[in-house]
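Chain by chain, the residues run as shown.
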Amino acid sequence: MSNGLRARQASGGDMEKERETLQAWKERVGQELDRVVAFWMEHSHDQEHGGFFTCLSREGRVYDDLKYVWLQGRQVWMYCRLYRTFQRFHHSQLLNAAKAGGEFLLRYARLAPPGKKCAFVLTRDGRPVKVQRTIFSECFYTMAMNELWRATGEVRYQTEAVEMMDQIVHWVREDASGLGRPQLQGAPTAEPMAVPMMLLNLVEQLGEADEELAGKYTELGDWCARRILQHVQRDGQAVLENVSEDGKELSGCLGRQQNPGHALEAGWFLLRHCIRKGDPELRAHVVDKFLLLPFRSGWDPDHGGLFYFQDADDFCPTQLEWAMKLWWPHSEAMIAFLMGYSESGDPVLLRLFYQVAEYTFRQFRDPEYGEWFGYLSREGKVALSIKGGPFKGCFHVPRCLAMCEELLGALLS
């Protein structure tokens, strides 16, 4: 029996009713996962050039054939993960599409092989259009290659993943000049939380069931966790998106910026780290500061849902979309609260999972055409009808649903 249900049983209560509710949610997310995957399999595959279309209308029509490298990597990762971990997705159509996407990345993602810097945007046939001076295309390239190796057993994919991982670590911890980003005199040396978050995610990805790589990246994982924890500022009362390299608050809008959904995603990344380390004290701290704190400040008391951006001093955020409700923060919140509950047995976290999940399924889900809307107004009305674009692909929604189905299954076992 899971920690969560054991804790509830020890306190008495309606154990059977709780099991029924958990079972109902397991069935609900499983059915939704099937619908979401079917949408991407039907509409996103480029049969001519390989890879995936991600700029899809509500109905699934392609409105732009540009290919975003990070979304290509995410979809390859997602397909392989589903193929490996769910019996109903263990079929050749899914794996073959993932392999075609992986081969597209191998051929075209890197700007000047054997150099490792990847494009951000490619044409449909793989010609570079745009590059970002960040590590994120490369991070999702790494995730894709590692999962392809796990799904196929082809060592060349793992070689590619490990070599790219080594390059990313070099850029982050030793010399960032290869990213092409100049250090201007007036620019603060800020560390966005996304950087140690992504590295910690890669540590977990590459180290899964691999003792050699897990050992190689142990120190890196601890370093990432420490860097993420530095974003808890103001005597533990705020998680800030950007801090100085030595872990201090920055001035101005950049320093006050908060993203509740990102803090929640960092929370479940850190929870996985705590599980691997066997550190219940750190787990309690993470639940308090990266789950409960951003939820309390970020949940809209009038309309429900998580604000996209906030200002720690309650100034109006400068981002035009600050009050909108986006798909991915809610997906990450569902994972975070369910994982937190499964590890701690705290019924408060289960109630928050239900609260977020009910809002998310009610507001984002499209019962007519499948998949989820990505962008809602503050009031919860659909602002953009598209199902995919430069930032939304086959990733946050199916990852959320797959992880929640697994967590609910573990709770019920």
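These numbers were taken from a predicted model, which means no experiment stands behind them.

Here the domain parsing of the protein yields domain 1 (17-45 + 188-412) and domain 2 (47-181). Between domain 1 and domain 2, the C-alpha centre-to-centre distance is 22 Å. On the domain 2 side, the residues contacting the 48 residues of domain 1 number 51 residues. Between domain 1 and domain 2 the total buried area reaches about 4,300 Å² when both faces are included, carbon and sulfur atoms providing 63% of it. For the domain 1 face of the interface with domain 2, the top three residues by lost area are H45, Q205 and F395, together amounting to 16%. Counting across the domain 1 and domain 2 interface gives 8 salt bridges. For K216, the salt bridge goes to D166, with nearest N and O atoms at 3.2 Å. Scanning the region where domain 1 abuts domain 2 turns up 26 residue pairs in polar contact (both at pLDDT 80 or more). Put simply, the parts of the chain that give the side of domain 1 that touches domain 2 at least two residues each are α2 (15-43), α7 (194-207), α8 (211-216), α9 (218-229) and α15 (396-412). Here the side of domain 1 that touches domain 2 gets 9 residues from one element, more than from any other, and that element is α7. The residue makeup of the side of domain 1 that touches domain 2, split by class, is 25 nonpolar, 11 polar and 12 charged.

On the basis of which strands lie adjacent, the open sheet formed by 3 strands has the order β3-β4-β5 and antiparallel pairing. Looking at the sheet topology across the chains shown, the edges are occupied by β3 (67-68) and β5 (128-130). The sheet contact formed by strand β4 (residues 121-122) and β5 spans 2 bridges and is antiparallel. Residue V121 lies in a different strand from β5, and its bridge partner there is K130.

Bringing the pattern of salt bridges into the picture now. Scanning the entire structure with this criterion turns up 38 salt bridges. R81 is the partner of E208 in a salt bridge, and the nearest nitrogen-oxygen pair spans 2.8 Å. Taken together, the residues E208 in the loop between α7 and α8 and R81 in helix α3 (residues 69-85) connect sequence positions 127 residues apart. The partner of R276 in a salt bridge is E204, with the nearest N and O atoms 3.1 Å apart. With R276 in helix α11 (residues 260-277) and E204 in helix α7, this pair connects stretches of sequence that are 72 residues apart. For R276, a relative accessible area of 36% puts it in the partly exposed group. If you follow the salt bridges from partner to partner, you end up with D46, E48, K67 and R124 in one network.

Topologically, Q72 is positioned in helix α3. At 2.7 Å, the side chain of Q72 forms a polar contact with the backbone oxygen of F52. Sequence-distant contacts of Q72, that is, excluding residues within four places in its chain, are made with G51, F52, T54, K67, F104 and L105.

So, how was this worked out
- Residues numbered from 1 in each chain as written.
- Predicted model: local features only at pLDDT ≥ 70, side-chain atom pairs only at ≥ 80, totals over all residues.
- Heavy atoms only, no water.
- Domains from an automatic or database assignment.
- Contact = heavy atoms within 4.5 Å.
- Buried area = accessible area lost by both parts, 1.4 Å probe.
- Salt bridge = Lys/Arg side-chain N within 4 Å of Asp/Glu carboxyl O.
- Polar contact = N/O pair within 3.5 Å; in protein donor to acceptor, adjacent residues only side chain to side chain.
- Helix = DSSP H or I, 4+ residues; strand = E, 2+ residues; numbered from the N terminus.
- Nonpolar A, V, L, I, M, F, W, Y, C, P; charged D, E, K, R; others polar.
- Pairing = 2+ DSSP bridges.
- Buried < 20%, exposed > 50% of the residue type's maximum accessible area, 1.4 Å probe, protein only.

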